[in-house]
Every structure is written in structure tokens, then in C-alpha cells.
Amino acid sequence: QVQLVESGGGLVQPGGSLRLSCAASGITFRRYDMRWYRQAPGKERELVAGISPGGILNYADSVQGRFTISRDNSKSTVSLQMNSLKPEDAAVYYCNARLAEVLNYWGQGTQVTVSS
């Protein structure tokens with residue numbers, strides 16, 4: 001059974017930082033593209049950041065320079081360090097594991113609220 005379990009969300013003031021983590025089980029983690037998506041109320045789910053099995057990174061323009069994605073294949077975890085948070089970063093953040101556009105798994109999401 002595949003499970004992706006996110007943690008680390010919460011309430012933070014503008015300019016603050018949060019670190020999200022996603023623990024994967026039931027998959028050969030090192031083979032998967034790992035991504036973070038987010039969805040704000042009334043908006044479509046959008047890709048925030050991704051990391052390939054080989055460590056190639058990609059970021060949405062809106063988070064470039066503020067967010068950092070990383071993975072630890074020995075622990076089957078992917079993390080998202082979020083700095084300089086803005087109110088527009090508030091959303092439910094989802095962990096995604098994808099292999100060859102065929103296997104695609106989602107976590108349950110973790111809420112990030114950015115407010116003073």
C-alpha cells in the first residue's frame with residue numbers, strides 16, 4: 001500500500017519560514033519524481049517544486065529563490081523549505097510521487113496559513 005504522509009504545515013507570519021516533509025512508503029522511492037503542489041481556495045492545484053531521481057530541480061516562478069526542495073532517498077522523504085513566506089503562499093500543500101507518467105500518488109495535504 002502506497003502512502004505519502006505530509007507534515008510541517010501550520011500558521012506563520014509573513015516573512016516567516018516553514019519546512020514541509022513528506023514520508024513515502026510502499027514505493028521504490030529513489031525511482032520516483034517527487035513534487036510539491038499546492039491548492040488555494042477557489043484556485044487550481046499548481047506545481048510548486050519538483051526533484052527528479054537524479055536530483056534535477058524545478059520551481060514555479062512564484063517561489064524561485066524562496067523555496068528549496070530536497071530528497072533523502074535513504075529515508076524515503078522529500079522536503080520543502082519555505083522561506084520569506086507571503087500571504088499568497090497560503091494553501092494546502094500536497095506531496096506527489098510520479099513514475100513515468102503512469103504511476104501517480106498523492107498525499108492527503110497539509111495546510112499552510114500565512115497571516116499576521
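Computed from a predicted model, the values in this text were never measured in an experiment.

> What should I look at first to understand the nonpolar core in this one?
Residues Met34, Trp36, Val78, Leu80, Met82 and Tyr93 are the most contacted members of the largest nonpolar core, which totals 31 residues. Looking at which element gives the most residues to this core, the answer is strand 9 (residues 91–99), with five residues.

> Help me understand the state of the cysteines, please; the structure alone is not making it clear to me.
Every disulfide links exactly two cysteines, by a covalent bond between their sulfur atoms. Scanning the entire structure with this criterion turns up one disulfide. The disulfide bridge from cysteine 22 ends at cysteine 95, spanning 2.1 Å between sulfur atoms. Note on the cysteine 22 and cysteine 95 pair: the S-S dihedral is about -80°, so by sign convention the disulfide is left-handed. Within this pair, whereas cysteine 22 is found in strand 3 (residues 18–25), its partner cysteine 95 is found in strand 9, the two being separated by 73 residues in sequence.

> How should the sheet that holds strand 8 (residues 77–82) be read in this particular structure?
Read across the open sheet, the four strands follow the order 1-3-8-7; overall the sheet is antiparallel. For this open sheet the edge positions go to strand 1 (3–7) and strand 7 (67–72), each flanked by a neighbour on one side alone. Pairwise comparison of adjacent strand axes, ignoring direction, gives a mean angle of 15° for this sheet. Sheet topology note: the strand 7/strand 8 ladder contains six bridges and is antiparallel. Across the sheet, residue aspartate 72 finds its bridge partner in strand 8, namely threonine 77.

Rules used in this analysis
Residues numbered from 1 in each chain as written. Predicted model: local features only at pLDDT ≥ 70, side-chain atom pairs only at ≥ 80, totals over all residues. Heavy atoms only, no water. Core = buried A, V, L, I, M, F, W, Y, C linked by side-chain atoms within 4.5 Å. Buried < 20%, exposed > 50% of the residue type's maximum accessible area, 1.4 Å probe, protein only. Helix = DSSP H or I, 4+ residues; strand = E, 2+ residues; numbered from the N terminus. Disulfide = S-S within 2.5 Å. Pairing = 2+ DSSP bridges. Axes fitted to C-alpha atoms, helices over the stretch in contact; angles between N-to-C directions.

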